[in-house]
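# Report on the structure
Listed below are the residues making up each chain.
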Amino acid sequence: MTGPANELITRLGLERHPEGGWFRRIHTAEQVVDTGHGPRARVTSIHYLLTADEPIGRLHRNRSDILHYLQGGGPVEYTLLDAHGVLRRETLGFGPGQSLFLFVPGGVWKASRLIGDARHALVSEAVVPGFDFADHAFGASDLLVTYPQHADALRPLLRPD
């Protein structure tokens, strides 16, 4: 890989993310809050990068709220599925009708992917309360049964078995 994406991976010290793409945790608050699932840092933050070689952030869900800020590149489309089965798409980008910020409440399934001619997208995320893998779940094929009306949209966003 060459170009801006490779430069970002090197400059930011990113490593492969299990959801797809690249990431690095850049902040973990020293303050801890009690949650119903144990203590968590008050906030954590990462840089997250999708590239032409890693263009999809696979479907997953977190208990915590997540704030997404597009730093560069894009556009990147987010597919969001709430507990009521409502599916929506939001695009982070610098073009008309696109946003630079996206709030995803805890409990919402989400996936991201580069769209159009995007070669990369650098997104910074703040997770409140802070991220813990115990609060994370990957989307699996059972979602296709639970939400059959969205099976075609969700299938390409699942992690390969």
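All of the points below concern the structure found in this document. Treat the numbers as computed from the prediction; the structure is a model and nothing was measured.

Definitions and limits used
Residues numbered from 1 in each chain as written. Predicted model: local features only at pLDDT ≥ 70, side-chain atom pairs only at ≥ 80, totals over all residues. Heavy atoms only, no water. Phe/Tyr/Trp six-rings, centres within 6.5 Å; stacked < 30°, edge-to-face > 60°. Helix = DSSP H or I, 4+ residues; strand = E, 2+ residues; numbered from the N terminus. Buried < 20%, exposed > 50% of the residue type's maximum accessible area, 1.4 Å probe, protein only. Lys NZ or Arg CZ within 6 Å of the ring centre and 35° of its normal. Contact = heavy atoms within 4.5 Å. Salt bridge = Lys/Arg side-chain N within 4 Å of Asp/Glu carboxyl O. 1 Å grid on protein atoms, 1.4 Å probe; cavity = no way out; pocket = protein on both sides within 12 Å on 5 of 7 lines; lining within 4 Å. Points joined across faces, edges and corners; volume = space filled by probe spheres on them. Nonpolar A, V, L, I, M, F, W, Y, C, P; charged D, E, K, R; others polar. Patch = residues over 30% accessible without salt bridge, like charges linked within 9 Å, V, L, I, M, F, W, Y side chains within 5 Å. Areas by Shrake-Rupley, 256 points an atom, 1.4 Å probe, with all protein chains shown as cover.

### Some thoughts on the packing of aromatic side chains
Scanning all chains against the criterion turns up two aromatic pairs. Ring plane angle 45° and centroid distance 5.2 Å describe the contact between tyrosine 69 and phenylalanine 101, whose orientation is recorded as tilted. Here the residue tyrosine 69 occupies a position in strand S7 (residues 65–73), and phenylalanine 101 occupies one in strand S10 (residues 101–104), the gap between them amounting to 32 residues. Aromatic pair phenylalanine 131 and phenylalanine 133: ring centres 4.9 Å apart, planes at 80°, arrangement edge-to-face. Relative accessible area serves as the criterion here: at 22%, phenylalanine 131 is assigned to the partly exposed category. With a relative accessible area of 51%, phenylalanine 133 lands in the exposed category. The lysine or arginine in question, arginine 159, covers the ring of phenylalanine 138, its NZ or CZ lying 3.8 Å from the ring centre.

### Focus: the environment of proline 55
On the secondary structure map, proline 55 appears in the loop between strand S5 (44–51) and strand S6 (56–62). Each C-alpha atom of the pair proline 55 and threonine 28 lies 26 Å from the other, and the pair is 27 residues apart in sequence. With sequence-adjacent residues up to four places away left out, proline 55 is seen in contact with Leu50, Ser112, Arg113 and Leu114.

### Some remarks on the pattern of salt bridges
Under the definition given, this model contains nine salt bridges. A salt bridge links arginine 40 to aspartate 132; the nearest nitrogen and oxygen atoms lie 3.8 Å apart. Of the two residues, arginine 40 sits in strand S4 (residues 38–41) while aspartate 132 sits in the loop between strand S12 (120–128) and strand S13 (136–138), which places them 92 residues apart along the sequence. What makes aspartate 132 partly exposed here is its relative accessible area of 29%. Each of the salt bridges in this network shares a partner with another, and the network as a whole consists of Arg40, Arg63, Asp132 and Asp135.

### What about the layout of surface pockets?
Space inside the largest pocket adds up to approximately 230 Å³. Along the wall of the largest pocket there are 15 residues; nearest its centre are His17, Glu19, Phe23, Ile46 and Phe131. Looking at the lining of the largest pocket, the elements that each hand over two or more residues are strand S2 (22–28), S5, S6 and S12. Here the residues of the lining of the largest pocket sort into seven nonpolar, four polar and four charged.

### As for a nonpolar patch on the surface
A surface patch of nonpolar side chains, amounting to about 270 Å² of accessible area, comprises Tyr69, Phe101 and Phe103. The exposure class assigned to phenylalanine 101 is partly exposed, which follows from its relative accessible area of 39%.

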